[in-house]
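# Structure assessment
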Amino acid sequence: MTGAAPRSDISRRIGALATSRPGVDPAEVAEIAQQVASSMGLDSGTASSNAGAEIQDLSRFIQDLKADLAALRPDAVIDEHLPAAKEELQAVVDATEGATNEIFEAVEAIETLTGKMNKKHSAQVTEAVTRIYEACGFQDITGQRIAKVVSVLGQIELTVNGLLEVFGEEVREAPRERPAAAEPDSDKHLMGGPQLPEAAMSQADIDALLASFD
Amino acid sequence: MTAINMNMPILIVDDYKTMLRIIRNLLKQLGFDNVDEATDGSTALQKLRSKDYGLVISDWNMEPMTGLELLKEVRADSKLGKTPFIMITAESKTENVVAAKQAGVNNYIVKPFNAATLKEKLNTVIGNF
């Protein structure tokens, strides 16, 4: 830069931001420029190559920040990771509720037999059954704790959505890193854990698949 | 028909102690009392190399050695190679079943499972009892 840009040129460029960067408030940029000039002892009427360089550094910093944020894949967090996490947690709640109900039915069946036992055995069985009922309270507690986790995920979702709104489509459109190649001879890709109920193979399906090898 | 040795040593492998307890109790109900446990593949392999087991029942999802890796080690070992091996796992994708079969698994039970399924697969692998 051979000399300070004229005031009119700076104003024109700041105004052009309204068109090229819809999320950027030109008035705010102008205020920042004014504060930078003032902090360097420059009055509003004085053009300075130092002020221009500072603004360029600020612009580069903002661009680098956008690139760093894009690399974190906030769009994948919103579109993939958070929904998957919520689905898995709901599956946990459903599974524990189903299992608890199975336990209740079995225990209730045992309880009905206490009437056919002698007093001593009836008391022993009743005590054991009661302990089972009490222990099954775990399903309520785990359900509540999971609800807290889901609430935290909701807060994370709001925060990440806020970031996406501030930085706009540039973050969604940033180039994606290619996933790292799997290690040779590794079966890590086979360790997906339990599938969601609608995606899991049944025992009958597995038996049929094994039989097809014979 | 050769009678099944109900006292055969069985090794069960799972990193969740709750699951080990469930399988042990179900085996006991079926008449198998001689059951050892391991909570990871490496420990299981050590036990297999120090004692003759008639059957291994193993989970898949364990670290650092997975159940599939344990199976491959067993099949690659000249002394252990023919040990009956049942995988009991929550891994239920086609590619998992295929990989286990190709590695030499004798049978594959998907979690959650019931006592009837366990008995059925034991009958298939070690014979009727």
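Our subject is the structure that appears above.
The notes below deal with the structure included here. (Residues numbered from 1 in each chain as written. Chains lettered and ligands numbered in written order. Predicted model: local features only at pLDDT ≥ 70, side-chain atom pairs only at ≥ 80, totals over all residues. Heavy atoms only, no water.)

A count of helices and strands for chain B gives five helices and five strands. Traced from its N-terminal end to its C-terminal end, chain B shows the element sequence β-α-β-α-β-α-β-α-β-α. A compact globule built from 129 residues should have a C-alpha radius of gyration of about 14 Å, and chain B, at 13 Å, falls within 12% of that. If one aligns the C-alpha atoms of chain B with their principal axes, the spans along those axes are about 35 × 30 × 30 Å. A burial count over chain B gives 53% of its 129 residues as buried. For chain B, the proportion of contacts with a sequence separation of at least 24, taken over those separated by at least 6, is 62%. In the structure as shown, chain B presents an accessible area of about 6,100 Å², 49% of it carried by carbon and sulfur atoms. (Helix = DSSP H or I, 4+ residues; strand = E, 2+ residues; numbered from the N terminus. Rg over C-alpha atoms; globule rule 2.2 N^0.38 Å. Buried < 20%, exposed > 50% of the residue type's maximum accessible area, 1.4 Å probe, protein only. Contact = heavy atoms within 4.5 Å. Areas by Shrake-Rupley, 256 points an atom, 1.4 Å probe, with all protein chains shown as cover.)

Computed from the structure, the largest pocket encloses a volume of approximately 2,300 Å³. Counting only elements with at least two residues in the lining of the largest pocket, the list comes to helix H4 (74-113) of chain A together with helix H1 (17-30) of chain B. The greatest single-element share of the lining of the largest pocket, amounting to eleven residues, is contributed by H4(A). Within the lining of the largest pocket, the residues separate by chemical class into 21 nonpolar, eleven polar and ten charged. (1 Å grid on protein atoms, 1.4 Å probe; cavity = no way out; pocket = protein on both sides within 12 Å on 5 of 7 lines; lining within 4 Å. Points joined across faces, edges and corners; volume = space filled by probe spheres on them. Nonpolar A, V, L, I, M, F, W, Y, C, P; charged D, E, K, R; others polar.)

Now for the environment of B:Glu69. Locating B:Glu69 in the fold gives a position in helix H3 (residues 67-76). What makes B:Glu69 partly exposed here is its relative accessible area of 27%. Between the C-alpha atom of B:Glu69 and that of B:Ala100, which follows or precedes it by 31 residues, the distance is 9.7 Å. Among all residues touching B:Glu69, those that are not within four sequence positions of it are A:Asp187, A:Lys188 and B:Pro64. A distance of 2.9 Å separates a polar atom in the side chain of B:Glu69 from the backbone nitrogen of B:Thr66. (Polar contact = N/O pair within 3.5 Å; in protein donor to acceptor, adjacent residues only side chain to side chain.)

Taken together, the contact between chain A and chain B spans 19 residues of the former and 25 residues of the latter. Taking both partners together, chain A and chain B bury about 1,900 Å²; carbon and sulfur atoms supply 60% of that area. Our enumeration of links across chain A and chain B arrives at one salt bridge. (Buried area = accessible area lost by both parts, 1.4 Å probe. Salt bridge = Lys/Arg side-chain N within 4 Å of Asp/Glu carboxyl O.)

Here we take up the sheet that holds strand E4 (residues 85-89) of chain B. Within a sheet, neighbouring strands are paired by backbone hydrogen bonds and run either parallel or antiparallel to one another. Residue and element names in this part refer to chain B. On the basis of which strands lie adjacent, the open sheet formed by five strands has the order E2-E1-E3-E4-E5 and parallel pairing. Sheet topology places strand E2 (35-38) and strand E5 (107-110) at the edges, where each strand pairs with a single neighbour. Each neighbouring strand pair of the sheet contributes to a mean axis angle of 20°, computed without reference to strand direction. Here strand E1 (residues 10-13) pairs with strand E3 (residues 55-58) via four bridges, running parallel. Looking at the pairing, Leu11 lines up with Val56 of E3. Where helix H5 (residues 115-126) meets the sheet, it contacts E3, E4 and E5, and its direction lies at approximately 175° from that of E5. (Pairing = 2+ DSSP bridges. Axes fitted to C-alpha atoms, helices over the stretch in contact; angles between N-to-C directions.)

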